[in-house]
Amino acid sequence: MQGNGFKVGAVVFFLALSAWYLFPSLQGLSLYDRLEDMEPEERVDYERENYARIETIKERSLNLGLDLQGGMHTTMEVGLRELLFQLAGDRRDDLFDQVLAAANMRSQEEGISLIDAFVEEFESRDPEASLSRYFRSEEITRRSSNTEVTDYLRAQVTDAIGRAMQVIRNRVDRYGVTEPSIQTQGNRRIVVELPGVDDPERVRRLLKGTARLEFRLMADPGELNSSLQRIINYYEVDIAAPADTMTEASEEEDDDVTEEADTSFDVSELLADTQDLEDVSNSLLDVLIPAGQGSVVFGEVSVQDTASFNALMADPEVQAMLPRDIELLYDANPSTTVGAEYYPVLAVNVNSELTGDVITDARSDFDQTTNQPLVDMEMNSEGARIWSRLTGANVGKNIAIVLDNVVYSYPTVIGQISGGRSQITGLESQEESDDIVTVLKSGALPAPVEIVEERTVGPSLGVVARQSGLTSLLVGLTIVALFMIFYYRAAGMVADLALIINIIFILGILAGFNATLTLPGIAGIVLTIGMAVDANVLIFERVREEQATGKTLKASVDGGYGKALSAIVDANITTFFVGIILYSFGIGPIQGFAVTLMAGILASLFSAIVFTRIIFDYVVIGRRGSVSFG
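Residues numbered from 1 in each chain as written. Predicted model: local features only at pLDDT ≥ 70, side-chain atom pairs only at ≥ 80, totals over all residues. Heavy atoms only, no water.

(A) Molecular detail of the overall build of the protein chain. When helices and strands are counted, the protein chain shows 21 helices and 20 strands. Counting all 630 residues of the protein chain, 44% fall into the buried class. Within the protein chain, contacts between residues at least 6 apart in sequence are counted, and of these 70% link residues at least 24 apart. A total of about 32200 Å² of accessible surface is found on the protein chain, and carbon and sulfur atoms cover 54% of it. (Helix = DSSP H or I, 4+ residues; strand = E, 2+ residues; numbered from the N terminus. Buried < 20%, exposed > 50% of the residue type's maximum accessible area, 1.4 Å probe, protein only. Contact = heavy atoms within 4.5 Å. Areas by Shrake-Rupley, 256 points an atom, 1.4 Å probe, with all protein chains shown as cover.)

(B) Looking closely at unusual backbone geometry. A positive phi angle, close to 60 degrees, is found at Asp325, a residue other than glycine. By secondary structure assignment, the location of Asp325 is in the loop between α14 (316-321) and β10 (326-330). A relative accessible area of 37% means that Asp325 is categorised as partly exposed. With a phi angle near 60 degrees, Arg489 is a residue other than glycine that sits in the positive phi range. Along the chain, the position of Arg489 falls in the loop between α17 (459-488) and α18 (490-512).

(C) Molecular detail of the packing of aromatic side chains. Counted according to the given criterion, the structure contains 21 aromatic pairs. Judged by centre distance (6.1 Å) and plane angle (70 degrees), the ring pair of Tyr330 and Tyr343 falls under edge-to-face. Placement of Tyr330 in strand β10 and of Tyr343 in strand β12 (residues 340-349) is noted, with a sequence separation of 13 residues between them. Residue Tyr330 is classed as partly exposed on the basis of its relative accessible area of 21%. With a relative accessible area of 23%, Tyr343 lands in the partly exposed category. Joined through ring pairs, the aromatic side chains of Phe85, Phe96, Phe118, Phe122, Tyr134 and Phe135 make up one cluster. The ring of Tyr561 has Arg613 sitting right over it, with the charged end atom 5.0 Å from the ring centre. (Phe/Tyr/Trp six-rings, centres within 6.5 Å; stacked < 30°, edge-to-face > 60°. Lys NZ or Arg CZ within 6 Å of the ring centre and 35° of its normal.)

(D) Examining the sheet that holds strand β14 (residues 359-366) more closely. Pairing is antiparallel in the open sheet, where three strands are placed in the order β14-β15-β18. Edge positions in the sheet fall to β14 and β18 (421-424), since each has one partner strand and no second. Across the sheet, the axes of successive neighbouring strands diverge by a mean angle of 25 degrees, strand direction being ignored. Bridge count for β14 against strand β15 (residues 373-379) is seven bridges, and the pairing is antiparallel. Directly across from Ile359, in β15, lies its bridge partner Met379. Sheet strands in contact with helix α15 (residues 381-393) are β15 and β18, and its direction is about 110 degrees off that of β15. (Pairing = 2+ DSSP bridges. Axes fitted to C-alpha atoms, helices over the stretch in contact; angles between N-to-C directions.)

(E) Region of the structure containing the nonpolar core. Counting 45 residues, the largest nonpolar core has Leu517, Ile539, Phe540 and Phe616 as its most contacted members. Looking at this core, the elements with two or more residues in it are α1 (5-36), α17, α18, α19 (519-548), α20 (553-585) and α21 (589-622). Considering every element that reaches this core, the biggest residue donor is α18, with 11 residues. Residues Ala103, Leu131, Leu153 and Ile190 belong to the second largest nonpolar core, which totals 43 residues. (Core = buried A, V, L, I, M, F, W, Y, C linked by side-chain atoms within 4.5 Å.)

(F) Main features of the sheet that holds strand β3 (residues 181-185). Taken in spatial order, the four strands line up as β3-β4-β2-β19 in an open sheet, and their pairing is antiparallel. Of all the strands in the sheet, just β3 and β19 (449-457) have a single pairing partner and so form its edges. Taking the axes of each pair of neighbouring strands and ignoring which way they run, one obtains an average angle of 15 degrees across the sheet. Looking at chain direction, strand β2 (residues 71-78) and β19 are connected through eight bridges and run antiparallel. Its bridge partner being in β19, His73 is matched across the sheet by Arg455.

(G) Representation of the confidence of the model for the protein chain within the structure. Across the protein chain, the average pLDDT comes to 78, with 85% of residues at 70 or higher. Taking the mean pLDDT of every element in the protein chain, the minimum, 42, falls on helix α11 (residues 243-260) and the maximum, 91, on β10. Note that pLDDT drops below 50 for residues 239-265; the model gives that stretch 29 contacts with residues more than four away or on any other chain. (pLDDT = per-residue confidence, 0-100.)

(H) Expanded view of the packing of helix α6 (residues 94-110) against helix α7 (residues 114-125). Running from N to C, α6 and α7 cross one another at 130 degrees; their axes reach a closest spacing of 8 Å. By the angle class used here, α6 and α7 are oblique. Considering only the axes of α6 and α7, their crossing is right-handed. Across the interface between the two elements, Leu95, Phe96, Gln98, Val99, Leu100, Ala102, Ala103, Asn104, Arg106 and Ser107 of α6 pack against Leu114, Ala117, Phe118, Glu120, Glu121, Phe122 and Arg125 of α7. (Parallel < 35°, antiparallel > 145°, perpendicular 65-115°, else oblique. Left-handed = near helix turned anticlockwise from the far one by under 90°.)

(I) A look at the pattern of salt bridges. The tally for this structure, following the rule as stated, stands at 19 salt bridges. The partner of Asp325 in a salt bridge is Arg324, and the shortest N-O contact between them spans 4.0 Å. Where Lys551 meets Glu546, a salt bridge forms, and the shortest distance between an N and an O atom there is 2.6 Å. For Lys551, a relative accessible area of 42% corresponds to the partly exposed category. A relative accessible area of 5% means that Glu546 is categorised as buried. Taken together, the salt bridges that share partners define one network made up of Arg106, Glu110, Glu120, Glu121 and Arg125. (Salt bridge = Lys/Arg side-chain N within 4 Å of Asp/Glu carboxyl O.)

Shown next, in the form of structure tokens:
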């Protein structure tokens, strides 16, 4: 035992270190059981009083993957088509749009890069044309070749993916998810795993928002009222009239309306008159409650009728009836009318007077009068100057604050605002206020992203997965332990003790490196148990062979460990390299399996070669005893 002092010290040190890292996890289990036994009111009070301690325990505890505690798995695709639109800007033409549409279809059908498909389609239609006519930058000039432009576009796509990942990571970190996994998949997809998420809809809004904040003017109420009258008349159909006369009547009516339209039109009177006529049908009024006179609100649409309303308003003739440079956007928050939810439809100018690029700071706050949540924003000097001019020139008018084509508020300007201060009001909750701040502070996505795949694991399924994983681990450990005792007697008991130490080391390594334990990770631990036993089997069989030659027990143990060492190290090193490859090229569950596999290999090598040897040396040499190897 005199030569084993360093080995004993190493075992004690690693056991103590593992216990140190696992202690918060044990505290977390105890805390979880205590909270489960509390009444809801008592639990809320306890969490409020011990908030700092609970957060510290959660932060230092062994992290569980979304398959063990529930959560959300999302695959998002960066809109490269929209990115090319942005890069081309005002230089786009009909040829560009046609080529990009064809390239996008080829990319989806053939699974090739959109950039390659775009360049091939462009050159096939006009081999002599130059792509530099559409793209300009410091690197691209009129004389740049198509190859140079292609390299530039590929670099922009790579940069867009990287920036999108960083923005998403910033948003997720601000959301407060423990150990999220954010990785690229292919050349345009990003995979996000968020353990412990219990509000998927909120996460969807947070991930998809491009963070394009705009301050826009709104339509003149008189012009909007006249447009609303024309559009309602356009969809009015006299169901009692013959089919061939309905079109003529509609055209005559449209002509009359065009000639006689004025701002004195009252939508409520028309709506009342229309409802009194049983032989008149109006598909627009079936889905829209028109707004009254003198409002920037076009009307209200119920949640279930938004798709139908969008289809009606997409008619090119209807679009032409709207005031010049005006588009219809939905309010962010629906209003409740007779138990149903209706979204206000607002008439907003398509041109931005000011964008979110000028925002230097944003924070959640509460209105001192109404105590409603809001977002306070501060602008840089240029933004403050434009904001002051904008508010000064539009006193008494509405300015819409638009985030990702959704209107969050449209306050009426009371007077000129200097200093670059603005607010987003009309928010439903503090969570919505916090999410807007998160999106603004995290930065804008370089291109829109769409969720193409989503899986949600509920907390109850996570509990079932944990129980199943723990059961498989215990069953496997029990079977292996009984076999080792049955086949190797006392030496088998030493191997079983090494297995327990091995599992403690694995969990300690995971907790120490702040890794995440997943269901495939538990499978990795079970596999490691078998590998650890394999090392002991090799050693014990070599010891048996040495004993068969008539050597003493001490010499047999020395010879057994010496001859088995090379085979054990070779097998474990090759498996460890496989774990490195799985971790490097895999995602999600594969990485979880690889982490526990590598941790298990290191722990099993230490326990099989060092720990068991200490026990045998202590029994054989220190106590002059004997150990049966079966």
